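# Residue-level structural notes
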Amino acid sequence: MCGIIGIASNKSVSINIINALKKLEYRGYDSAGLATITKGEINEKKCPGRVEKLEKILFQNPSEGKLGIGHVRWATHGVPNKVNAHPHSSEIVSVVHNGIIENSDELKKKLEISGQIFKSQTDTEVITILLTEKLKKLDPLNAVFETLDMLKGSFALGIIFKNFQDFVIGARRGSPLAVGYSNNENYLGSDSYALKSMTNKISYLDDGDVCLLSKDQIKFYNSKKEKINKEIFTLSDDKSSVSKGNYKNFMIKEIFEQPISIKTCLKEYIDKIREEINFYNLPINPKDIEKIVLIGCGTAYHSCLVAKYWLEELTSLTIETDIASEFRYRKVRFDKKALYIFVSQSGETADTYAALDICKKQNVKTCSIINVVESSIARHSDCVLPIHAGPEIGVASTKAFLGQMLVLYLLSLKISESRKDIDQIQYKRKIIDLKKLPSLITETLKEEEKIQLIAKDIYTSKGSMFLGRGSSFPIALEGALKLKELSYLHAEGYPAGEMKHGPLALIEDGLPVVVIAPKDKYFEKTISNMQEVIARGGKILLITNSVGQVISENVRFQIDLPESDLSLTPFLFSVPLQLLSYHVALFKKCDIDKPRNLAKSVTVE
Ligand code: AGP
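Because the structure is predicted, anything quoted here is derived from the model rather than measured. (Residues numbered from 1 in each chain as written. Predicted model: local features only at pLDDT ≥ 70, side-chain atom pairs only at ≥ 80, totals over all residues. Heavy atoms only, no water.)

Quick look at the overall build of the protein now. Counting secondary structure elements, the protein contains 19 helices and 27 strands. Dimensions of the protein, computed from the C-alpha atoms along their principal axes, are close to 80 × 55 × 45 Å. Put simply, the protein has 605 residues, and 61% of those count as buried. If you sum the accessible surface of the protein, you get close to 24,700 Å²; carbon and sulfur atoms cover 50% of it. Side chains of the protein give 81 positive and 74 negative charges; the mean places of these two sets differ by 2 Å. (Helix = DSSP H or I, 4+ residues; strand = E, 2+ residues; numbered from the N terminus. Buried < 20%, exposed > 50% of the residue type's maximum accessible area, 1.4 Å probe, protein only. Areas by Shrake-Rupley, 256 points an atom, 1.4 Å probe, with all protein chains shown as cover. Lys, Arg positive; Asp, Glu negative; His and termini not counted. Charge placed at Lys NZ, Arg CZ, Asp CG, Glu CD.)

A word on the domain arrangement of the protein. How big an interface is tends to be stated in terms of accessible area lost as the parts join. Each domain of the protein was delimited in the assignment, giving domain 1 (3-237), domain 2 (240-435) and domain 3 (446-605). Computed over C-alpha atoms, the centres of domain 1 and domain 3 are 43 Å apart. With 13 residues of domain 1 in contact, the opposing surface of domain 3 contributes 11 residues. Carbon and sulfur atoms make up 55% of the area that domain 1 and domain 3 hide from each other, which totals about 1,000 Å². The largest contributions to the domain 1 side of the interface with domain 3 come from Y26, Y29 and W74, which together make up 51% of the buried area. Put simply, domain 1 and domain 3 have 2 salt bridges between them. D591 serves as the salt-bridge partner of R50, at 3.0 Å between the closest nitrogen and oxygen. Across the domain 1-domain 3 interface, the total number found is 6 residue pairs in polar contact (both at pLDDT 80 or more). Taken together, the residues of the side of domain 1 that touches domain 3 break down into 4 nonpolar, 5 polar and 4 charged. (Domains from an automatic or database assignment. Contact = heavy atoms within 4.5 Å. Buried area = accessible area lost by both parts, 1.4 Å probe. Salt bridge = Lys/Arg side-chain N within 4 Å of Asp/Glu carboxyl O. Polar contact = N/O pair within 3.5 Å; in protein donor to acceptor, adjacent residues only side chain to side chain. Nonpolar A, V, L, I, M, F, W, Y, C, P; charged D, E, K, R; others polar.)

Before going further, it helps to examine the packing of aromatic side chains. Evaluation of the coordinates by the stated rule reveals 12 aromatic pairs. Arranged with centres 5.0 Å apart and planes meeting at 35 degrees, the rings of Y269 and F279 form a pair that is tilted. Here the residue Y269 occupies a position in helix α8 (residues 258-269), and F279 occupies one in the loop between β17 (276-277) and β18 (291-296), the gap between them amounting to 10 residues. Here F279 falls in the buried class, since its relative accessible area comes to 11%. With a centroid separation of 5.6 Å and an interplanar angle of 20 degrees, the aromatic rings of W310 and F571 are classed as stacked. Residue W310 is located in helix α9 (residues 298-314), and its partner F571 is located in helix α19 (residues 569-587); the two are separated by 261 residues in the primary sequence. The exposure class assigned to F571 is buried, which follows from its relative accessible area of 0%. One aromatic cluster in this structure is built from F161, F164 and F167. (Phe/Tyr/Trp six-rings, centres within 6.5 Å; stacked < 30°, edge-to-face > 60°.)

Turning to helix α5 (residues 140-150), a few remarks are in order. Listing the buried residues of α5 in full gives P140, L141, A143, V144, F145, T147 and L148. Tucked inside the fold, the buried residues of α5 contact α4 (125-134), β7 (153-161), β8 (164-173), β12 (210-213) and β13 (218-221). Capping the start of α5, D139 holds a side-chain oxygen 3.1 Å from the backbone nitrogen of L141, two or three residues further along.

The strand order across the open sheet built from 7 strands is β5-β6-β7-β8-β12-β13-β14, with neighbouring strands paired in antiparallel fashion. Strands with a single pairing partner mark the edges of an open sheet, and in this sheet they are β5 (88-89) and β14 (227-228). Strand direction decides the pairing type here: β8 and β12, joined by 4 bridges, are antiparallel. Counted as the bridge partner of I169 is L212 from β12. (Pairing = 2+ DSSP bridges.)

Here the focus is the pairing of β8. Sheet topology places β7 next to β8; 5 bridges connect them, and they run antiparallel. Within the sheet, the bridge partner assigned to L157 lies in β8 and is A171.

What follows covers the nonpolar core. L385, L434 and L580 are the most contacted members of the largest nonpolar core, which has 86 residues in total. Looking at which element gives the most residues to this core, the answer is helix α13 (residues 399-418), with 12 residues. Domain assignment of the residues forming this core places at least three in each of domain 2 (240-435) and domain 3 (446-605). Those residues within four positions of L580 in sequence are excluded, and the remaining contacts are I451, I454, A455, I458, F466, V514 and L541. With 28 residues, the next largest nonpolar core counts I127, L151, I169 and A171 among its residues. (Core = buried A, V, L, I, M, F, W, Y, C linked by side-chain atoms within 4.5 Å.)

Of all the 6 residues making up β18, 6 are buried; the element is thus mostly covered by neighbouring parts of the structure. Of the two faces of β18, the one lined by K291, V293 and I295 and the one lined by I292, L294 and G296 are each fully buried. For β18 and strand β19 (residues 318-323), the ladder comprises 6 bridges, and the chain directions are parallel. Residue pairing across strands places I292 opposite I319, the latter belonging to β19. In terms of handedness, the path from β18 via α9 over to β19 forms a crossover that is right-handed. Sheet topology note: the β18/strand β20 (residues 338-344) ladder contains 5 bridges and is parallel. Residue pairing in the sheet places I292 in a bridge with L339 of β20. (Right-handed = clockwise from strand over helix to strand, strands pointing away.)

Laid out in structure tokens, this is it:
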């Protein structure tokens, strides 16, 4: 993943680099570094750990310089230590890199044979050494183009040069890169969010582009070295707070923000007067759609799975779901009458972007459901449906998951109504029920204290299982993902009906098993599956909406959620699972907002 930043200015840049790196930490946080041109020399400082640590190093020993690059790392090649941290510098050039150089081993072997010595285990150092060699004969721009020609894989690069102290060079292939414009200062960054506190004027590099950025101008070149112009976008003035307020961390703040984020999103898509769902810009008339393909990764993929149940229930369409990293390499038969929907909070997930790009090349209709409207996926798809959740900072996705499901549900209803799969009365009733969702979530959040007690009871367990049927199955998957991600406790999500085909062997005395059982058509079946687990010693946490009814004496804990339209249970049943993973992680003293080994935006495949 990794985040990169570059600044050319008429004043010292290191503080602004540090501040931008803090914003980029969602892309990686296992090491950080920066390089400036100080008194004519490349001045590199880096360390394993967070940007805060780098800031302390700079506090004791400041880096002066009006030109610099910075990096936060999510390790791909080599452990997170100081040597492998970026920038990777020689005497004359310094490089920060986001992405993966796929032929780095091959290039490294050749360079070693010719006598080059590598200090790190990274793929990036290959670029530094190649550039250092090429700069003996070429000017920086040509040295960069010749080096890029030798690289395979995906990357965004920021480069500074000892002998050319007026500019930073940026290059993009596969990984996103933006530039920002200001007075006597210009910027390079992995995304516009990192640059937002410094400027709202942004351009985006396309694949193959290179830019040369000095304090008072930015020049762009395409992959053929031709000079090009770029459109300048003005970023929206997003006033939504990115501070924790009175909350302990971002995750719990984001969980409690859900009634508001859902309300905001409903307002965006439902016409108050006509009680009508509006989707103006779909690239294909719902009446002409024959198939819908839903694609995403991780939590976003789980929202796609939930939507499959809704769409199959509400329409007569064929629905497929796919994990982006699988879709992109399969021999997929594309369908001109299908709508390909890409779901992503960040809009920068490399696999999802690649899957979208494949669809674009096949000329099929695409649509993205995203949170970050300036993102690469949003800009590349035929139509964008924002989830309006506001910035999500915690690595574990919570309010974005509910937002993704909400837009998918609204879309399911709209498609169903347009195709006359449901009648007007049903459609209007569903909208009225949907508008109750924010207050139902507020009600559900009141279960927190009870969930805290459950977390205390289970946090020392060795493993856990999450079971559900129908649309509660993807919610079980999501509950298990949240618990693994936040508390490092092993968790398996399973369709309850599959237990007897193998996983039942895992059940032993005291193993926590979370059973998600709304009073829907699967309820009795799920409860029978739960009894099979009880008979083998499983410790049951039952989440239901059976209004206080005792389902079984042998249930260790029962959480009763408010009654709702059954289509809405995926939203409500997700909330206690978010709270459970949060409190288990708190008991285990885990880093809630930045779980180990992860990053918020997964920009490598
Ligand atoms: C969610 O808690 C995860 N951190 C992760 O699975 C995430 O949903 C996935 O990486 C996809 O990210 P995106 O929504 O930004 O594309």
